[in-house]
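# Breakdown of the fold
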Amino acid sequence: MRRVTKLAAAVTATAALALTATACGESSTESGGKKNKGVGLAFDVGGRDDHSFNEAAARGTDKAEKELGVKTKEMTAGNNETEETREQRLTSLAKAGYNPVIGVGFNYGKSVNKVAKEFPDTTFGVVDEQSHAKNVVGMTFAENEASYLVGVAAAKKTKTNKVSFIGGVDNALIQKFEAGYVKGVKDTNPKIKVEVDYLYKESDKGFNDPARAKNMAKGMLARGNDVIYTAAGQSGAGSIEQISKKKGAWAIGVDSDQYRQKGLEKYKDAILTSSVKNVDVAVYELIKSVKDGKPLKGNQTFSLKEKGVSVATSGGFIDDIKGDIDKATEKIVSGEIKVPTRP
């Protein structure tokens, strides 16, 4: 399995393919005798401005456009889509000549691996899922490790000894966030009570329902929880908004540094920290590898050890507990702390 350190090495590479202008004014590259129209990016529900992992992926393509001169075609999934719909979206991008074609989110796992087999000369990528085809790059992250660290922060900052977790959908991926968070809280102070709830059992609407998350956070606050960690994509905006109304309560963001996101700026003083996964780095490196004519393959793992995940320090709200966060980080990296992936 390739590690993120190999990806980091690619950053320093200076080889680049020549760009030519197409009749429609888009940039395209010559690769294997075929013109490449650029990057095909298929967002999960919530789209580019979900304040979460879709937005992080978009930062990767934005950087590629600026530094590599490539163009990007973006498409967005709707709630409760069928596999056929996702396959059609990916197929349309590949047929149009985009390379790589990237599916953002585990919902694209099956469709990316299936469609990729029909386009062996195109590189596909999928965020939060594994590769099962020769031309698919699986980009997965140790969300449980970053979640452990924000769990430590929650335990150190709670005044009521009651904290909580809101998950978007009760599946294996989001359970990684829950497991790490609860472990981090309990290892820091076993007396703290952790309330856990999910917006939806199965429906991916859980990543695009801010109103439901807002209501759930309201109930948790009423029950005395003063730190709430939400791992639910766009839905998290509703949770953060509600928490900001409660004096002394803290929200913990997810996937991106949510303190710095313009769409959440009015609530930033309530955002204690965020568990961050570098989706933008993974997306950029995949794009660059294709442009350099040396496309990545197989599974790429982004863990705390390789700095693939981290904890945001924006706002300075956890500066006073930096020592605790650093100690926990060292123990996870060394293997002294084993962070579970399931509750």
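Residues numbered from 1 in each chain as written. Predicted model: local features only at pLDDT ≥ 70, side-chain atom pairs only at ≥ 80, totals over all residues. Heavy atoms only, no water.

## Comments concerning the packing of helix α5 (residues 143-157) against helix α10 (residues 322-334)
As a packed pair, α5 and α10 sit with axes 10 Å apart at the nearest point and diverge in direction by 150 degrees. Comparing their axes, α10 and α5 come out roughly antiparallel. Like other packed secondary-structure pairs, α5 and α10 cross with a definite hand, here right-handed. On α10, the residues that touch Glu145, Tyr148, Leu149, Val152, Ala153 and Lys156 of α5 are Asp324, Ile325, Ala328, Thr329 and Ile332. Tallied by class, residues from the contact of α5 with α10 come to 7 nonpolar, 1 polar and 3 charged. (Axes fitted to C-alpha atoms, helices over the stretch in contact; angles between N-to-C directions. Helix = DSSP H or I, 4+ residues; strand = E, 2+ residues; numbered from the N terminus. Parallel < 35°, antiparallel > 145°, perpendicular 65-115°, else oblique. Left-handed = near helix turned anticlockwise from the far one by under 90°. Contact = heavy atoms within 4.5 Å. Nonpolar A, V, L, I, M, F, W, Y, C, P; charged D, E, K, R; others polar.)

## What to know about the sheet that holds strand β16 (residues 309-311)
Taken in spatial order, the 6 strands of this open sheet run β11-β10-β12-β13-β14-β16, and their pairing is mixed. Edge positions in the sheet fall to β11 (193-200) and β16, since each has one partner strand and no second. Between one strand axis and the next, the sheet turns through 15 degrees on average, direction left out of account. In this structure, strand β13 (residues 250-255) lies alongside strand β14 (residues 271-277), joined through 5 bridges in parallel fashion. Note on β14: the bridge partner recorded for Val254 is Ser275. (Pairing = 2+ DSSP bridges.)

## Considering the confidence of the model for the protein chain
Here the protein chain averages 89 in pLDDT, and 90% of its residues register 70 or above. Every residue in residues 1-33 scores below 50 in pLDDT, and together they form 59 contacts with partners more than four places removed in sequence or on other chains. (pLDDT = per-residue confidence, 0-100.)

## A short note on the packing of aromatic side chains
The final tally for this structure, using the stated rule, is 8 aromatic pairs. Plain terms: the ring middles of Phe141 and Phe302 are 4.8 Å apart, the flat faces sit at 20 degrees to each other, and that makes the pair stacked. Pair noted here: Phe141 is in strand β9 (residues 136-141) and Phe302 is in strand β15 (residues 298-302), with a separation of 161 residues, a long-range link. Overall, Phe141 belongs to the buried group, its relative accessible area being 2%. The exposure class of Phe302 is buried, given its relative accessible area of 1%. With 6.3 Å between their ring centres and 40 degrees between their planes, Phe165 and Tyr181 make a pair best called tilted. Residue Phe165 is found in strand β10 (residues 162-169), and its partner Tyr181 is found in helix α6 (residues 172-188); the two are separated by 16 residues along the sequence. Taken together, the ring pairs connect Phe165, Tyr181, Tyr198 and Tyr229 into an aromatic cluster. (Phe/Tyr/Trp six-rings, centres within 6.5 Å; stacked < 30°, edge-to-face > 60°. Buried < 20%, exposed > 50% of the residue type's maximum accessible area, 1.4 Å probe, protein only.)

## Quick look at the side chain of Thr273
Along the chain, Thr273 falls in strand β14. Looking at Thr273, its side chain comes within polar contact range of the main-chain oxygen of Ala312, at 2.6 Å. Once residues within four sequence positions are removed from consideration, Thr273 is found in contact with Val150, Ala153, Ala251, Ile252, Gly253, Val311, Ala312 and Ile318. (Polar contact = N/O pair within 3.5 Å; in protein donor to acceptor, adjacent residues only side chain to side chain.)

## Focus on the environment of Glu118
Along the chain, Glu118 turns up in the loop between α4 (109-116) and β8 (124-127). Classification of Glu118 by relative accessible area gives partly exposed; the value is 49%. Considered as a pair, Glu118 and Thr91 are 27 residues apart in the sequence and their alpha carbons are 8.7 Å apart.

## As for the side chain of Lys176
Take Lys176: it is sitting in helix α6. If we skip the residues at most four places from it in the chain, Lys176 touches Phe141, Glu143, Asn144 and Thr341.

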